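So the chains spell out like this:
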Amino acid sequence: MTDLVCVGCGPGDPDLLTVKAVKAIRNADVIICPTSKEGKTSIAYSIITSVIDSSKKPEIINLVFPMVKDKETLESTWERNAQAIANVIKSGKNVVYLTVGDPSLYSTWIYIQRELKAKYPEIKITVIPGIVSMFAFASKVGISIAEGDETVAVIPACYDLSRVKETAKNCDTMIFLKDGRYFDQVITLLKEAGFSDNSIFAIAQDIGTDEEIVKKLTLGEVTKDAFTNKYFSIMVVKRV
Ligand SMILES: C[S@@+](CC[C@H](N)C(=O)[O-])C[C@H]1O[C@@H](n2cnc3c(N)ncnc32)[C@H](O)[C@@H]1O
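The structure presented is a predicted model; accordingly, all values stated were derived computationally and were not measured.

Undergrad: How would you explain the overall build of the protein if you had to name every residue and give the values?
TA: For the protein, the helix and strand inventory stands at seven helices and 10 strands. Taking 18 Å as the expected radius of gyration for a compact globule of 240 residues, we find that the protein reaches 19 Å, a close match to that expectation. A principal-axis box enclosing the C-alpha atoms of the protein has dimensions of 60 × 35 × 35 Å. Looking at the protein as a whole, 35% of its 240 residues qualify as buried. Counted over contacts in the protein with a minimum sequence separation of 6, partners at least 24 positions apart contribute 70%.

Structure (structure tokens):
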């Protein structure tokens, strides 16, 4: 049985791939790429195309992970995709599974790893960490995520607003990930939770790509034009 290597591909700029990630990708016979829709190019794959060893001509396999909340659909997807991966590994090839950013943060890999460990314990798994989008973002806008005794919360944008407010009351830096179209919903409640108008407000979409947009304002300056309209968005609000 050959190993499976999960590669964290970083936030978008191929120059932010780790040396270890590049080595694993160049050594791969098969590259497995998660995508949200049939026929849609995997974002993780688009990050790594320039480093593939073309003389090796690796096989590229797209696996669809639909963006739905229905538990049954999700579980059957994880089961089916884990089985497909296990079948490829059984063929004795070097197999790499790609994820955007780091594999341990809101990634399809988390579910695949859980399935593989439960049903195919003979597969030896290696995970190569990647640069997390929110850290790439912090370096772009020139802010710290946390300093001294500050606390940080990471919130996915499919939130329970009362929970966000309770978290915000006890936190210095709030990092919002996932769908930017919902980010505007939390501005009033952050103010109610004690974030002053001077708080740092930074927002970005598609970091590290040609579509990149990055803005830094104060919370008091935010208007509806400040927001992004993409799934690949990050918003950071930090107490001052
Ligand atoms: C499914 S999560 C994956 C997070 C990823 N594993 C990481 O370590 O950053 C996808 C979310 O990460 C954030 N994200 C990842 N890469 C990004 C980028 N290049 N630009 C903006 N947001 C990004 C967005 O909030 C996006 O909706």
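Undergrad: Could you give an account of the environment of Q83, naming the residues involved and the relevant values?
TA: Within the element layout of this structure, Q83 appears in helix α3 (residues 71-90). The sequence separation of Q83 and I112 amounts to 29 residues, and the corresponding C-alpha distance is 9.3 Å.

Undergrad: A description of the packing of α3 against helix α4 (residues 108-119) should follow, citing residues and the corresponding values.
TA: Relative orientation of the contacting elements α3 and α4 amounts to 65 degrees, with a least axis distance of 9 Å. Between α3 and α4, the angle falls in the class roughly perpendicular. In the packing of α3 onto α4, the handedness of the crossing is right-handed. Here α3 contributes W78, E79, N81, A82, I85 and A86 to the contact with α4, which in turn contributes Y111, I112, E115, L116 and K119. For the contact of α3 with α4, the per-class residue count stands at seven nonpolar, one polar and three charged.

Undergrad: An account of the site of the ligand is requested, with residue identities and associated values reported.
TA: Surveying the vicinity of the ligand reveals 22 residues, the closest of which are G101, Y106, S133, L177 and I207. Elements with a minimum of two residues in the shell around the ligand: β8 (200-205) and β10 (233-238). Of the residues assigned to the shell around the ligand, the class counts are 11 nonpolar, eight polar and three charged. Split by domain, the residues of the shell around the ligand number at least three in each of domain 1 (4-128) and domain 2 (133-238).

Undergrad: Please set out helix α5 (residues 133-141) residue by residue, giving values where relevant.
TA: Taken together, the buried positions of α5 are occupied by S133, M134, A136, F137 and A138. Packing partners of the buried residues in α5 comprise β7 (173-177), β8 and β10. Once α5 ends, the next one or two residues include G142, with phi positive near 70 degrees.

Undergrad: Can you explain the pairing of β10? Please cite residues and give values.
TA: Among the six residues of β10, six are classified as buried, and the element is accordingly described as predominantly covered. Neither face of β10 is left uncovered, since the one carrying S233, M235 and V237 and the one carrying I234, V236 and K238 both have all their residues buried. Judged from the four bridges that link them, β7 and β10 form a sheet pairing that is antiparallel. Each bridged residue has a counterpart across the sheet, and for T173 the counterpart in β10 is K238. Where β8 lies against β10, six bridges are found, and the strand directions are antiparallel. In the strand pairing of β10, I200 is matched with K238.

Undergrad: Which residues make up the domain arrangement of the protein, and what values do they have?
TA: Domain annotation of the protein identifies domain 1 (4-128) and domain 2 (133-238). Domain 1 and domain 2 are separated by 28 Å when their C-alpha centres are compared. Contacts between the two partners involve six residues from domain 1 and, on the opposite side, eight residues from domain 2. Partitioning the side of domain 1 that touches domain 2 into residue classes produces three nonpolar, two polar and one charged.

Undergrad: Summarise the sheet that holds strand β2 (residues 30-35); cite the residues concerned and give the values.
TA: In any sheet, the strands associate via hydrogen bonds between backbone groups, in a parallel or an antiparallel arrangement. Overall, parallel pairing links the five strands, which are arranged β3-β2-β4-β1-β5 in an open sheet. Because the sheet does not close on itself, it has two edges, and the strands there are β3 (59-64) and β5 (125-128). Going from strand to strand, the sheet's axes swing by 25 degrees on average, the running direction of each strand aside. Relative to β5, strand β1 (residues 4-8) runs parallel, the two being bridged by four bridges. Pairing of V7 across the sheet is with I128, part of β5. Along the sheet face, helix α1 (residues 19-26) touches β1, β2, β4 (95-99) and β5 and points at about 135 degrees away from the line of β1. Relative to β4, α4 is tilted by about 140 degrees, and along the sheet it contacts β1, β2, β4 and β5.

Undergrad: A description of the sheet that holds β8 should follow, citing residues and the corresponding values.
TA: The strand order across the open sheet built from five strands is β6-β7-β10-β8-β9, with neighbouring strands paired in mixed fashion. This sheet does not close on itself; its edge strands, each paired only once, are β6 (152-156) and β9 (213-218). Neighbour-to-neighbour, the strand axes of this sheet turn through a mean angle of 15 degrees, independent of strand direction. Along the sheet, α5 makes contact with β7, β8, β9 and β10, crossing β10 at roughly 65 degrees.

Criteria and cut-off values
Residues numbered from 1 in each chain as written. Predicted model: local features only at pLDDT ≥ 70, side-chain atom pairs only at ≥ 80, totals over all residues. Helix = DSSP H or I, 4+ residues; strand = E, 2+ residues; numbered from the N terminus. Rg over C-alpha atoms; globule rule 2.2 N^0.38 Å. Buried ≥ 20, exposed ≤ 12 C-beta atoms within 10 Å, placed from the backbone. Contact = placed C-beta atoms within 7 Å. Axes fitted to C-alpha atoms, helices over the stretch in contact; angles between N-to-C directions. Parallel < 35°, antiparallel > 145°, perpendicular 65-115°, else oblique. Left-handed = near helix turned anticlockwise from the far one by under 90°. Nonpolar A, V, L, I, M, F, W, Y, C, P; charged D, E, K, R; others polar. Near = placed C-beta within 6 Å. Domains from an automatic or database assignment. Pairing = 2+ DSSP bridges.

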